[in-house]
Amino acid sequence: MRSLLARLRSYWHGLRKPAQLDADMSDEMRFHIEMEAQRLMATHGLDRDEARRRAAIAFGGVEKYRGAGRDALGFTWARGLSTDMKLGVRMLRKYPGLTAVALFALSLAIGAGAAYLEFVNDLLHGKLPFPHADRIVGIINWDQQAGVPESRSTFDFVAWKGTLASLDEIGAYRDVSRNLVTDSGHAELVRGAEISASAFRLAGVPPLLGRPLIEDDERAAAPPVVVLGHDVWVNRLGSDPAVIGRTVRVGNAPHTIVGIMPESFGFPISHSMWIPLKLNDVNYPRRAGATIRIFGRLAPGVELAAAQSELTAVSLRIAADYPDTHRYLHPVVDDYVTSLWSSQQENRLQQIVMYAANFFFLGLLALCGANIATLVFARTATRDVEISLRTALGASRARIAGQLFAEALVLSAIAAAIGLLVATNALQWVRHTVTVAQGNRMMFWWNDRLSPGTYVYAAILAVGAAVIVGVIPALKATGPKLQQRLKHATGGSAAGLKFGGVWTGVIVTQVGVTVLFLAIVGIMAWGIYFGNAGDREVNYPSSEYVGVRLTLDRDPPATGADAVVDDERFRARLRAFQSEFAERLAAEPGVTAVTYATHFPAMQLGEVELELDGRERPGDVPYVQTSRVAANFFETFQAPIIAGRAFSAADLAPGQNVAIVDQTFVRQALGGQDPIGRRLRQPARNGEAAGPWIEIVGVVRDLTVDINKRTYDSVVYRPAAAETLNPIRIAVHAKNNPAAMLSRLRVIASEVDASMRLDMLMTLDKVSAIDRVALDFFLRILAGIGGVALVLATAGVYALMSFTVARRTSEIGIRLALGANPRRIVLSTFGRALLQITAGLVAGGIPAFALAASLAHEISAGGGPLLAMWVCAGVAVFMAIVTGLACAIPASRALRIQPMDTLKTT
Amino acid sequence: MAKSAELLPGTLDLLILKAVSLGELHGYGVLLRIEQITGGSLQVQQGALYPALYRLEQQGLIESEWGVSDNNRRAKYYKLTTLGRARLKDESASWNRLADAMAAALRATSQEI
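Conventions used here
Residues numbered from 1 in each chain as written. Chains lettered and ligands numbered in written order. Predicted model: local features only at pLDDT ≥ 70, side-chain atom pairs only at ≥ 80, totals over all residues. Heavy atoms only, no water. Helix = DSSP H or I, 4+ residues; strand = E, 2+ residues; numbered from the N terminus. Buried < 20%, exposed > 50% of the residue type's maximum accessible area, 1.4 Å probe, protein only. Contact = heavy atoms within 4.5 Å. Areas by Shrake-Rupley, 256 points an atom, 1.4 Å probe, with all protein chains shown as cover. Pairing = 2+ DSSP bridges. Axes fitted to C-alpha atoms, helices over the stretch in contact; angles between N-to-C directions. Phe/Tyr/Trp six-rings, centres within 6.5 Å; stacked < 30°, edge-to-face > 60°. Lys NZ or Arg CZ within 6 Å of the ring centre and 35° of its normal. Parallel < 35°, antiparallel > 145°, perpendicular 65-115°, else oblique. Left-handed = near helix turned anticlockwise from the far one by under 90°. Nonpolar A, V, L, I, M, F, W, Y, C, P; charged D, E, K, R; others polar. Salt bridge = Lys/Arg side-chain N within 4 Å of Asp/Glu carboxyl O. Buried area = accessible area lost by both parts, 1.4 Å probe. Patch = residues over 30% accessible without salt bridge, like charges linked within 9 Å, V, L, I, M, F, W, Y side chains within 5 Å. Core = buried A, V, L, I, M, F, W, Y, C linked by side-chain atoms within 4.5 Å. Polar contact = N/O pair within 3.5 Å; in protein donor to acceptor, adjacent residues only side chain to side chain.

Colleague: For the overall build of chain B, give the residues involved together with the corresponding values.
Modeller: Regarding its fold elements, chain B presents four helices and five strands. Listing the helices and strands of chain B from first to last along the sequence gives β-α-β-α-β-α-β-β-α. For chain B, with 113 residues in total, the buried portion stands at 37%. Long-range contacts, defined here as pairs at least 24 residues apart, represent 52% of the contacts in chain B between residues at least 6 apart. With the model as given, the accessible surface of chain B reaches about 6600 Å², and the carbon-plus-sulfur share is 53%.

Structure below.
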């Protein structure tokens, strides 16, 4: 052990101050020689110079022993390494093309891997930005019999609150997204929570202004107060510092603002508004009532396991008291962020899958590394003579491999640094995309900083990449055939390094993979930018229509209230709002029609199974789309009824089982038979009785256009009274100024009832824009991978060609000198490369076409094999041109070879 | 001057350990001490002493410290570590066994066989 320590210390000194140690060694040896000289002067009576001369001879070569001393101290390798590093940097500068390609590919691969790990870690095991984040826990009350969490846990929460000693804080919340209405009358939806005041204590984050919620606010009689998030304060309240004490309406109820939380606070997930959770009753019904989520903080020094045992003990006592409801309930306490994900068994599997997806990035890195290894090998080949001579002079294989490894390490270290920068940006981009797609802010603990673990991971990836990039070519270059190559290097006739079959395979694969990726990118890009992928073409002027989704929040019924009465009251409120809203909209100038439905045309509608009356095989039920619509829906969307009748106001009454189907339904589900009078119903399933028969009374022209419509694209429309729909979508045909209507809609809604929640407000030509965000996201990722593949393939071909020209310089020179036709020389030299490129194009082209053809009609309206063929042909021509250019530069170099020069050097 | 013998390979380390075990020494002092304790009968390549010293230090058998010599010069002093002392004991014993065996072998006469 001590000897190991001594060795490590010595290595450390060697690494830190090799120059100092060298100087010490010289000092020591000089001292020795001088002492010996003095002795010789004293004992042999020599003069000073002669004594020194003899002493130096007796000592032997100072340089030699100093070298041996360095070896003995074991820091030769350290000096070697730093020399190798310097050489590595020099190599990077000497071959800028290779450096650029390698940095591009490696940084992207390392960056993507690091970003992904960070993403998954933040998502599944994110750390809350709180002082005692590691002590904050979530509690899920599992129903072990059903295997699902029981979130109607107010009874349990109240029971635990007083008893659990292992938690020093316990609280609960439930989501309440409500319109926040400011003095200006402007109403906008805010994600909020009714939450225990203890949340603010356990977070330990002081408010920016005012105070957080306190215990006193939870009293039933306490005045209503609200704490708002930073984003609401900035965006809605103009960052007013005097906002405390002002009144805003949360839904319909006025609340006094008592505090503003800082930007970093969004507990429990991504909330921006907090109102007190008033759970004051002692007796809540068991497994009934409001759904809540429970969180807490471990008391100092208490482990998770201890808290779990206490919780289990308490729950067993409750189960003994109330076996009817609680026999199978088993609460589980877990780390807060983990608890959010562990609510379902499948999520565990999902987590494993999410982490396992890292292998994809490892594969990408290995692929990039192998490609760059090809290039490095080609470059190493040009240093064949250097390597052979060094080996002949006694450098070990390990030493040479070490040098190439150090060069690769310099490369991959720089790539890792760039990759981490890329990763940071990628994460911001992912966050942005998710925020846009969800219309919500990300989980509040998400941050753009990379965690230390991610840095370590990137470093490991960098070393791994360096091993692939540096060591493999080095071992090949210093292989057993070195002797022969030495002969070649010194003018002998044996062949030099070869680009063997493996590299050929690599290049063919590269070209093939590139074709595949570019074809997919091509077809997707075509679909998104030219073919309106995700869009369905509609049969009405969708840009003239404005749509919105309205939701009226229903407060939980007061304890003991009559459910039927409460239901009727809610309906009345909904009806009142809807009719007034529709009337005011219709009165707006420029509005020609107002209608409502559960879905607008071209939306992904609800998919249902339907059983058709009189169908030969009763079990054969088609899946179709369904939507519930207003009586004037078709008229508003300019869709004529082509058979039967339209809906009338009478059809809206309950018990009117009628439906209108579209042309696609007639064609696909009925095979063109007359649908009028046919009946359909929801089939019996899982012991549930079949629904009532519904009669088809009319056929409407298709609202969307698509030549490849299948049965599941057909639509069955059913009439519905507005008050039965919550949420409801309202469409306004504002022919002349739809843009102005967008803002008017919001104003009118808040004037009618500010607690009505509005979202998805847009002109109807934007209906499919949300799908496009996701498509665009994937397109960019695929385009990135395709770009890397293209660069690597091109660089690989270029390296192969340069290598060939370098190898055959003298042959080409002689043939040129003998008057050979340059074209034949080019063909004979590059024949193999052209063959490889062609093989790659074919190998990638066939699956690319198959894939593109299957994607084409999914992704792009009117797309088909023809489009796929065009895209694949385009990609193939593009690849041929790019790789052809990669060949052209070495080819022109080959033709510029001066016969005289080569003859001289041969 | 007595005729000096060539040093057997591997014995320099042992000699250095022995020399240093008798007291703290600088490199030149080690040379003098070896000459002294061998009666000048073993020829040590003076320069070879230093790689051997570094190697022993590297192995943790001796340790060094910069100090000032008798004539007021900066010099590096070596002394034995506990590990070195143990090693010296082992090596001495094994050397003695070897030497005895060699001596016995070389003394052998035809009658003894």
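Picking up after the structure, the text goes on.
Colleague: Provide a residue-level description of the sheet that holds strand E5 (residues 74–80) of chain B, including the pertinent values.
Modeller: Residues and elements named next belong to chain B. The antiparallel open sheet is built from three strands, whose spatial order is E2-E5-E4. In this open sheet, the two edge strands, each paired with only one partner strand, are strand E2 (25–26) and strand E4 (62–68). Along the sheet, helix H1 (residues 11–21) contacts E2, E4 and E5; its crossing angle with E5, the most-contacted strand, is approximately 100 degrees.

Colleague: Now, about the packing of aromatic side chains: what can you tell me, with residues and values included?
Modeller: Tallied over the full model, the rule gives 30 aromatic pairs over all chains. Aromatic pair Phe200 of chain A and Phe265 of chain A: ring centres 5.6 Å apart, planes at 25 degrees, arrangement stacked. Residue Phe200 of chain A is found in helix H8 (residues 198–203), and its partner Phe265 of chain A is found in the loop between strand E10 (253–260) and strand E11 (273–276); the two are separated by 65 residues along the sequence. In this structure, Phe200 of chain A and Phe265 of chain A share a single accessibility class: buried. One aromatic cluster is present, built from ring pairs that chain together Phe130, Tyr173, Phe200, Phe265, Phe267, Trp274, Phe295, Tyr336, Phe444 and Trp445 of chain A. The positively charged end of Arg74 of chain B is found above the aromatic ring belonging to Trp66 of chain B, 3.7 Å away from the centroid.

Colleague: Explain the packing of helix H7 (residues 154–163) of chain A against helix H10 (residues 304–321) of chain A residue by residue, including any values.
Modeller: All names here are of chain A. Two elements in contact, H7 and H10, have axes separated by 11 Å at closest approach and are oriented at 125 degrees. The angle between the axes of H7 and H10 places the two elements in the oblique class. The interaxial crossing formed by H7 with H10 has right-handed handedness. Contact residues: Phe155, Ala159, Trp160 and Thr163 in H7; Glu310, Leu311, Val314 and Ile318 in H10. Partitioned by chemical class, the residues of the contact of H7 with H10 number six nonpolar, one polar and one charged.

Colleague: With reference to specific residues and values, describe helix H3 (residues 49–58) of chain B.
Modeller: Given 3.6 residues to a turn, an α-helix orients residues that are three or four positions apart in the same direction. Residue and element names in this part refer to chain B. For H3, a buried count of nine out of ten residues is recorded, marking the element as mostly surrounded by other parts of the structure. Along H3, the positions that sit buried rather than exposed are Leu49, Tyr50, Pro51, Ala52, Leu53, Tyr54, Leu56, Glu57 and Gln58. After H3 finishes, the residue Gly60 shows a positive phi value of roughly 80 degrees.

Colleague: With reference to specific residues and values, describe the pattern of salt bridges.
Modeller: All names here are of chain A. One pass over the full model with this rule turns up 32 salt bridges over all chains. Between Arg53 and Glu50 there is a salt bridge, with the nearest N and O atoms lying 3.1 Å from each other. Residue Arg53 and its partner Glu50 are located together in helix H3 (residues 48–59), separated by three residues, close to a single helical turn. Of the residues examined, Glu50 reaches a relative accessible area of 22% and is grouped as partly exposed. Between Glu723 and Arg575 there is a salt bridge, with the nearest N and O atoms lying 2.6 Å from each other.

Colleague: Before we move on, could you go through the pairing of strand E23 (residues 694–700) of chain A and cite the residues and values that matter?
Modeller: All names here are of chain A. Of all seven residues in E23, six are buried; the element is thus mostly enclosed. Two elements, strand E20 (residues 641–644) and E23, share three bridges in a ladder whose sense is antiparallel. Bridging across to E23, Ile641 finds its partner in Val700. Of the pairings in the sheet, the one linking strand E21 (residues 658–662) to E23 comprises five bridges and is parallel in character. Opposite Val661, over in E23, you have Val699 as the bridge partner.

Colleague: So what about the interface of chain B and chain A? Which residues, and what values?
Modeller: Contacts between the two partners involve 31 residues from chain B and, on the opposite side, 25 residues from chain A. Across the interface of chain B and chain A, roughly 2400 Å² is buried in total on both sides, 52% from carbon and sulfur atoms. By the criterion of area lost to chain A, the three top residues of chain B are Tyr28, Tyr54 and Gln58 of chain B, representing 30% of everything that side buries. Counting the contacts that link chain B with chain A gives four salt bridges. In this structure, the salt-bridge partner of Glu34 of chain A is Arg73 of chain B, at a minimum N-O distance of 2.4 Å. With seven residues, the single largest contributor to the side of chain B that touches chain A is H3 of chain B. Tallied by class, the residues present in the side of chain B that touches chain A amount to twelve nonpolar, twelve polar and seven charged.

Colleague: Give me a nonpolar patch on the surface: which residues, what numbers.
Modeller: A cluster of nonpolar side chains, namely Leu8, Trp95, Leu98, Met102 and Leu106 of chain B, defines an oily patch on the protein surface of about 540 Å² accessible area. For Leu106 of chain B, a relative accessible area of 71% gives the class exposed.

Colleague: Which residues make up the nonpolar core, and what are the values?
Modeller: Residues and elements named next belong to chain A. One finds Leu128, Ile195, Phe267 and Tyr336 to be the most contacted residues of the largest nonpolar core, which totals 81 residues. The element that contributes the greatest number of residues to this core is helix H6 (residues 96–125), accounting for 16 residues. Ignoring any residue separated from it by four or fewer positions in sequence, one finds Leu128 in contact with Ala133, Ile136, Phe267, Tyr336, Val337, Phe444 and Trp445.

Colleague: Describe the environment of Trp233 of chain A, naming the residues involved and giving the relevant values.
Modeller: Residue and element names in this part refer to chain A. The residue Trp233 is located in helix H9 (residues 230–237) in this model. Classification of Trp233 by relative accessible area gives buried; the value is 11%. Each C-alpha atom, one on Trp233 and one on Pro262, is 9.7 Å from the other, the two residues being 29 residues apart in sequence. Look past the residues within four positions of Trp233 in its chain and what remains in contact with it is Leu208, Leu209, Gly238, Ser239, Asp240, Pro241, Val243 and Ile260. Here Asp240 takes part through its backbone oxygen, which lies 2.9 Å from a polar atom of the side chain of Trp233.

Colleague: Give a detailed account of the side chain of Arg135 of chain A, specifying residues and quantitative values.
Modeller: All names here are of chain A. You can see Arg135 is positioned in the loop between H6 and strand E1 (136–143). Among the polar contacts listed, one links the side chain of Arg135 to the side chain of Asp168, at a separation of 3.3 Å. Excluding residues that lie within four positions of it along the chain, Arg135 makes contacts with Asp168, Gly296, Arg297, Leu298, Ala299 and Pro300.

Colleague: Can you tell me about the packing of H6 of chain A against helix H17 (residues 452–477) of chain A, naming the residues and giving the values?
Modeller: Residue and element names in this part refer to chain A. Interhelical geometry of H6 versus H17 gives an angle of 150 degrees and a closest axis separation of 10 Å. Viewed along their axes, H6 and H17 form a crossing whose handedness is right-handed. The residues of H17 that touch H6, namely those facing Leu106, Ile110, Gly113, Ala114, Leu117 and Glu118, are Thr454, Tyr457, Ala458, Leu461, Ala462, Ala465 and Val469. By residue class, the composition of the contact of H6 with H17 is ten nonpolar, two polar and one charged.

Colleague: If you had to explain unusual backbone geometry to someone new, which residues and values would you point to?
Modeller: Trans is the common state for peptide bonds, and a negative phi is the common state for residues other than glycine. All names here are of chain A. Across the junction of Phe267 and Pro268, the peptide omega takes the value 0 degrees, indicating a cis bond. When you line up the elements, Pro268 lands in the loop between E10 and E11. Cis peptide bonds are those with omega within 30 degrees of zero, and the linkage from Asn726 to Pro727 qualifies with 10 degrees. Its place among the elements puts Pro727 in the loop between strand E25 (715–719) and strand E26 (728–734). We note that Ser239 has phi near 55 degrees; this positive angle belongs to a residue other than glycine. By secondary structure assignment, the location of Ser239 is in the loop between H9 and strand E9 (247–250).

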